[in-house]
Amino acid sequence: MIKQIWAVYFSPTGSTKGLIVRIAKAAAEALGAAAVREFDITKLENRQSRAEFGARDFVIFGMPTYAGRLPNKIMPYIRDSVKSAGASCVPVVTFGGRSFDDSLAELSDLLEETGFKLAGGGAFVCHHAFAKVAEGRPARADFEKAAELGEGAMKNLQTGHTLSAEVFPGNHPAGPYYVPKGLEGTPAVFLKAKPVTDSGKCTGCGLCAEHCPMGSIGTDGICIKCQACIAVCPQSAKYFTDGAFLSHKAMLERDFADNRVESQIWI
């Protein structure tokens, strides 16, 4: 008997959140339940304690794809602090129109290792976080597929059908991260790149610092290029100037803007 359906997500720009909540609501409707509880692990404060789920919890767990895998600064939290005592879940990844590579394989492996039973999974196209790729996604068809996944996963749960992590495409265990390339095809190294602030536009509202998942605004902390500060700034005062980063962005727009990839689900 499922008592609570959870939407758990890391979603700096909001796209992953929208899809995960849709899947969770479809599962809740199939169950005849009213409410879905959300747990936003984008927020740094929410990653300071363990997240534990029991046999009466059903978790839709969403992560974006970064360089073909899970964000490497967030993955340890899932491995070390997200625990299941008989709970079931649906691993879901989003990707910006290039490929999800090993991200779904990695997430399903992690969740299975932490004790979750897998009732389905999916990989959904979203507009790229910083490049003009997959614009307009997720679209209506993506949200319809999300609802199909939620309903199908709930049926699996009710009939006792589970999936193995090996069902999901990719390397098990995950292979190396995708190496970003610039316009000339050589590796683009921008690990230390950070967004800069247009002081003429910035009003000091503090939203960028509030929404940074790494707590790195105004500090020497790590920037994971998630674009949360850029997405939330009401004055468009945050932007990147790093040459390697901008060359990679241009390469993505040149080579993948017309990439016709579709969202996929496994039930």
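### Description of the overall build of the chain
Okay, step 1: For the chain, the helix and strand inventory stands at seven helices and 11 strands.
Okay, step 2: Its C-alpha radius of gyration of 18 Å places the chain within 12% of the 18 Å reference for a compact globule of 267 residues.
Okay, step 3: Along the first, second and third principal axes, the C-alpha set of the chain runs to 55 × 35 × 35 Å.
Okay, step 4: Contacts spanning at least 24 positions in sequence make up 80% of the contacts within the chain whose residues lie at least 6 apart.
Okay, step 5: When the accessible surface of the chain is split by element, carbon and sulfur atoms take 50% of a total near 12,500 Å².
Okay, step 6: Within the chain, one finds 29 positive and 28 negative side-chain charges whose respective centroids are separated by 3 Å.

### A word on the environment of E38
Okay, step 1: As for its position among the elements, E38 is in strand β2 (residues 36–40).
Okay, step 2: Judged by relative accessible area, E38 falls into the partly exposed class, the value being 41%.
Okay, step 3: For the pair E38 and G160, spaced 122 residues apart in sequence, the C-alpha to C-alpha distance is 25 Å.
Okay, step 4: With sequence-adjacent residues up to four places away left out, E38 is seen in contact with W6, A7, Y9, K17 and V21.
Okay, step 5: A polar contact is formed between the side chain of E38 and the side chain of Y9, at a distance of 2.5 Å.

### A short note on the nonpolar core
Okay, step 1: If you look at the biggest cluster of nonpolar residues, it comprises 51 residues, and the most contacted ones within it are I41, F53, F61 and M63.
Okay, step 2: Secondary-structure elements contributing two or more residues to this core are β1 (4–9), β3 (51–54), β4 (57–64), α2 (75–81), β6 (88–95), α3 (103–113), β8 (121–125) and α7 (243–256).
Okay, step 3: Leaving out residues up to four positions away in the same chain, I41 has contacts with V8, Y9, F10, R47, F61, M63, I74 and Y77.
Okay, step 4: Core analysis: the next-biggest nonpolar cluster, separate from the first, contains 23 residues, I2, I60, F124 and L157 among them.

### Examining unusual backbone geometry
Trans is the common state for peptide bonds, and a negative phi is the common state for residues other than glycine.
Okay, step 1: Along the chain, R137 connects to P138 via a cis peptide bond; the corresponding omega equals 0°.
Okay, step 2: Secondary-structure assignment places P138 in the loop between β8 and α4 (140–159).
Okay, step 3: Looking along the chain, the bond that leaves H172 and enters P173 is cis, with omega of 5°.
Okay, step 4: Tracing the backbone shows P173 in the loop between α4 and β9 (196–197).
Okay, step 5: The phi dihedral of A67 is positive, around 55°, even though this residue is not glycine.
Okay, step 6: Relative to the elements of secondary structure, A67 occurs in the loop between β4 and α2.
Okay, step 7: Of note, the phi angle at Q227 is positive, near 75°, even though the residue is not glycine.
Okay, step 8: Of note, Q227 is situated in the loop between α5 (207–211) and α6 (228–232).
Okay, step 9: Owing to a relative accessible area of 6%, Q227 belongs among the buried residues under this scheme.

What counts and what doesn't
- Residues numbered from 1 in each chain as written.
- Predicted model: local features only at pLDDT ≥ 70, side-chain atom pairs only at ≥ 80, totals over all residues.
- Heavy atoms only, no water.
- Helix = DSSP H or I, 4+ residues; strand = E, 2+ residues; numbered from the N terminus.
- Rg over C-alpha atoms; globule rule 2.2 N^0.38 Å.
- Contact = heavy atoms within 4.5 Å.
- Areas by Shrake-Rupley, 256 points an atom, 1.4 Å probe, with all protein chains shown as cover.
- Lys, Arg positive; Asp, Glu negative; His and termini not counted.
- Charge placed at Lys NZ, Arg CZ, Asp CG, Glu CD.
- Buried < 20%, exposed > 50% of the residue type's maximum accessible area, 1.4 Å probe, protein only.
- Polar contact = N/O pair within 3.5 Å; in protein donor to acceptor, adjacent residues only side chain to side chain.
- Core = buried A, V, L, I, M, F, W, Y, C linked by side-chain atoms within 4.5 Å.

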